[in-house]
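What follows is the residue order along each chain.
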Amino acid sequence: MSSSPADSIAVSLPIEGMTCASCVGRVEKALKAVPGVAKASVNLATERADITFAGTPDVAAAVQAVQKAGYAVPETGIELSVAGMTCASCVGRVEKALKAVPGVSGATVNLATERAHVTAAGGVAASALVQAVAKAGYEARVLSGESSDTDAVAERQAAELKALKRALAVAALFALPVFILEMGAHMVPAFHHLIADTIGTQNSWYIQFALSTIVLFGPGLRFFQKGVPALLRGAPDMNSLVAVGTSAAYAYSVVATFAAGLLPAGTVNVYYEAAAVIVALILLGRYLEARAKGNTSEAIKRLLGLQAKTARVVRDGAAMEIAIEQVIAGDLIEVRPGERIPVDGAVVEGSSFIDESMISGEPVPVEKTPGSEVVGGTVNQNGALTFRATKVGNDTVLAQIIRMVEQAQGSKLPIQALVDRITMWFVPAVMAAAAVTFAIWLAFGPTPALTFALVNAVAVLIIACPCAMGLATPTSIMVGTGRAAQMGVLFRKGEALQSLKDAKVVAVDKTGTLTKGRPELTDLIVAPGFERAAVLGKVATVEAKSEHPIAQAIVEAARGQGIALGAISQFESITGFGVKADVDGARVDIGADRYMRELGLDVDMFGADAARLGDEGKTPLYAAVDGRLAAMIAVADPIKDTTAAAIRALHGLGLKVAMITGDNRRTGNAIARQLGIDEVVAEVLPDGKVEAVQRLRKQYGPIAYVGDGINDAPALAEADVGLAIGTGTDIAIEAADVVLMSGDLGGVPNAIGLSKATLRNIRQNLFWAFAYNVALIPVAAGLLYPVNGTLLSPVFAAGAMALSSVFVLSNALRLRRYAPPFAAAA
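As recorded in an unreviewed UniProt entry, the chain goes by Heavy metal translocating P-type ATPase and comes from Achromobacter veterisilvae. For the chain, the Sequence similarities (unreviewed entry) comment in UniProt is given as "Belongs to the cation transport ATPase (P-type) (TC 3.A.3) family. Type IB subfamily."

In structure tokens, the structure reads:
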């Protein structure tokens, strides 16, 4: 990318999907049709398009044109850490600067996380983005995604908090005597006389001048260092408002102190206390903001704290302690009782129980034996384990969770777009309002008009600061997504946090979502004269010869109950009927009711139980031993223990629940009756799930789809919000907007409930921030003065402004105490 002579700008885009010269022609034609493109040449060998724009390049339009022509422009996401932003207008300026870089198709900036996410066509240099941010008056550096980046940001925030604390202490120490000298004299007549009779009014002014100069050009210098350059660039921010307001009050006071003759009669007053106390109060607001910001990012810090720092690795037959960064996939790692699992892996030796609550939100420890998978960050309980590392560094589940939470926290919700549009123009509008206020009071105000004009203009500048507006949305998102992560709900896309609250129907896949996803022996009813364990042992011995999932479920049940399998001979499969064999000298027949009738056996003795199983959607099997009917068996995919309570919680949120399944209608209806599901869409093939989602949306409105398998991926993508069960396949998780780590449906009402709570919190914050500004700017301008003589001192304006930001942050932090609806339902 480079600038050509005159005012044309050249941009280079990578193009994917071209195979011949006609493709080149098509892409060139599409690009030349884009308004503003002066020239376009496409190279098939390098797979690049060189475009020359006349004037400002519209890269997004060029990318769109290439895509419409049937080709792809690969884009990369670049994360930047941005320092120096203080309000919503800063966010708008950084975004504008980034979007102006040729090749950038999108940029979102988050004030709370102090991060920028830039989407750019391949070939955009990260240094160009850093430069653009610097030109806008802020500092930026590229983030690589390592945990060290997060540590660096945390360190910077900690250093900033320390500096603010020090600056606040100095400002308060020197501003307090100024406030007492000036406001004490105004409020308490005796104090006024005391000063006049002792040090004298003029000496009092000299002392106030000295102290306020220290405050303004010591701790308050930061406002001038950032605010004045922003003002000169024609892009004023919050610092500009404070710098203009305090310097106006200070300069007027200096003239009154040292050159009173220059001011009209009756206007010689000083406002040192306004300048000094405003700096102290705004620093107090900034300090409280910085502290609260630290609390909002607590979820990430907590997740980072779960990472082990070292691992005990077996190399060359000896165990050695090494830094976690040095562990490589394939290493054998030893873990003692009470230690954290350092990386993801598979157990090769030992057995133990592991607390996986940080991943799944489930409090019950999970048993691990050879072959079991372990996850980095979880806590080993009582046994010693040796496992082989399978995923290390950024590939571990914990690293992916941290990445997901960071992306969700940094994302921009649709509701924020409106806020951004307003706040971009807010500061210039405030400065204009302050100028108009000054002019009106100077022209029409009572004597001394100049004093009234100055005080009210400064009050307008200070009170209208848009800090609270800039923090209203991102802080709620940060706290909300952090709380969600604690509950085992991961928002992969921040937009889902807003759209999930609008869902009217939740469609769920049956297998693996409502049910455990694998068949289990659910019923074994033995006939009189037979013993349960003996019958199960014989049946399992025969079924061990089969690979069928139903047969495997019976074998697993026998093994789970410690029943040994017998000796088998003369095994035979009878197509369409069942199987038979000799087990320990006894003949065993297993099959459906028609096979039993073929053998001359009457199954009516199990009639009532067979009817019950049929209502539950289960198909019974029968077993005969030595020609006598011995037992009725049912194998089914059992419903998860938490499913019924989760569906109750969804109904409690006012949602319809629909089940989409490939099973037959009878089984589907049986499960729906059992769980209280509102609608069943049965006998659906994978591609039919998308049609089912579309039909349900048309019938009920916005739809959330919950699934876990590869065949759910299209439906997850089609739904307004897709929620993947975390124990499911990677493809399903990639297609989803939300991932439920707990592996059960309980995360769905929790995710929806949290979405509603977060958006409610954002609306409260925005109402407070906007209503506060709309209501108090006219008051600060002196609108109430003709009515009841009310004027708002700049000092109180500064206090109210700081309070506004603190309220917004405190309100957002309430989400940390959010109580999930599923816990209540369960």
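*Asks:* Looking at this structure, how should I read the packing of aromatic side chains?
*Replies:* One pair of aromatic rings is described through two measures. These are the centre distance and the angle between the planes. Tallied over the entire structure, the rule returns 14 aromatic pairs. Look at phenylalanine 452 and tyrosine 785: their rings are 5.6 Å apart centre to centre, the planes differ by 55 degrees, and that puts the pair in the tilted class. Here phenylalanine 452, found in helix α15 (residues 449-463), pairs with tyrosine 785, found in helix α29 (residues 785-788); they are 333 residues apart in sequence, far enough to count as distant. Relative to tyrosine 595, the ring of phenylalanine 577 has its centre 6.2 Å away and its plane inclined at 55 degrees; by these criteria the two rings are tilted. One end of the pair, phenylalanine 577, is in the loop between β21 (568-574) and β22 (578-583); the other, tyrosine 595, is in helix α21 (residues 593-598), with 18 residues separating them in the sequence.

*Asks:* When you look at the pairing of strand β9 (residues 310-315) in this model, what are you seeing that I'm missing?
*Replies:* Consecutive side chains of a regular strand alternate in pointing toward one face of the sheet and then the other. Both β9 and strand β10 (residues 318-323) contribute to a ladder of 6 bridges, which runs antiparallel. Counterpart to valine 314 in the pairing with β10 is alanine 319. Joining the antiparallel neighbours β9 and β10 is a turn of 2 residues, in which aspartate 316 adopts a positive phi near 55 degrees. Sheet topology note: the β9/strand β11 (residues 332-335) ladder contains 3 bridges and is antiparallel. When the bridges of β11 are listed, valine 314 appears paired with leucine 332.

*Asks:* Sorry, what's going on with unusual backbone geometry here?
*Replies:* For residues besides glycine, phi is generally negative; the peptide bonds are generally trans as well. For the bond from threonine 447 to proline 448, the omega torsion is -10 degrees, close enough to zero to count as cis. Here proline 448 shows up in the loop between α14 (414-444) and α15. A positive phi angle, close to 55 degrees, is found at glutamine 570, a residue other than glycine. Structurally, glutamine 570 is set in strand β21. The exposure class assigned to glutamine 570 is exposed, which follows from its relative accessible area of 65%. Non-glycine residue aspartate 626 carries a positive phi angle of around 50 degrees.

*Asks:* Honestly, a nonpolar patch on the surface in this entry has me stumped. Any pointers?
*Replies:* Where nonpolar side chains cluster on the molecular surface, the patch consists of Val436, Ile440 and Phe444 and spans about 340 Å² of accessible area. The residue isoleucine 440 is located in helix α14 in this model.

*Asks:* What exactly am I supposed to notice about the UniProt feature "transmembrane region" (unreviewed entry) in the chain here?
*Replies:* Listed under "transmembrane region" (unreviewed entry) in the UniProt record, and renumbered for this structure, are residues 167-185, 205-221, 241-264, 270-288, 422-444, 450-473, 766-785 and 791-809. Span residues 270-288 is 89% helix and 0% strand, its end C-alpha atoms 30 Å apart.

*Asks:* Looking at this structure, how should I read the sheet that holds β22?
*Replies:* Two modes of strand pairing occur in sheets, parallel and antiparallel, and in both the strands are linked by backbone hydrogen bonds. Ordered by their spatial adjacency, 6 strands build an open sheet running β20-β25-β24-β23-β22-β21, and the pairing between neighbours is antiparallel. Every other strand in the sheet has two partners, leaving β20 (520-526) and β21 as the edge strands with one partner each. Across the sheet, the mean angle separating the axes of adjacent strands is 20 degrees when strand polarity is ignored. Alignment of strand β24 (residues 620-625) against strand β25 (residues 628-636), held across 6 bridges, turns out to be antiparallel. Bridged to valine 625 within β25 is arginine 628.

*Asks:* Explain the environment of leucine 613 here, please?
*Replies:* Here leucine 613 shows up in helix α22 (residues 607-615). Each residue touching leucine 613, except ones within four places of it in the same chain, is listed here: Asp523, Lys618, Pro620, Met632 and Ala634.

*Asks:* How should the pattern of salt bridges be read in this particular structure?
*Replies:* Oppositely charged side chains are able to pair whenever their charged atoms sit close together. In this structure the tally under the stated criterion is 13 salt bridges. Across the pair aspartate 331 and arginine 315 runs a salt bridge whose closest N-O atoms are separated by 2.6 Å. With aspartate 331 in the loop between β10 and β11 and arginine 315 in strand β9, the pair connects residues that are 16 residues apart, well separated along the chain. The exposure class assigned to aspartate 331 is buried, which follows from its relative accessible area of 7%.

Analysis parameters
- Residues numbered from 1 in each chain as written.
- Predicted model: local features only at pLDDT ≥ 70, side-chain atom pairs only at ≥ 80, totals over all residues.
- Heavy atoms only, no water.
- UniProt positions renumbered as here; feature names shortened; annotations may be inferred.
- Phe/Tyr/Trp six-rings, centres within 6.5 Å; stacked < 30°, edge-to-face > 60°.
- Helix = DSSP H or I, 4+ residues; strand = E, 2+ residues; numbered from the N terminus.
- Pairing = 2+ DSSP bridges.
- Buried < 20%, exposed > 50% of the residue type's maximum accessible area, 1.4 Å probe, protein only.
- Patch = residues over 30% accessible without salt bridge, like charges linked within 9 Å, V, L, I, M, F, W, Y side chains within 5 Å.
- Areas by Shrake-Rupley, 256 points an atom, 1.4 Å probe, with all protein chains shown as cover.
- Salt bridge = Lys/Arg side-chain N within 4 Å of Asp/Glu carboxyl O.
- Axes fitted to C-alpha atoms, helices over the stretch in contact; angles between N-to-C directions.
- Contact = heavy atoms within 4.5 Å.

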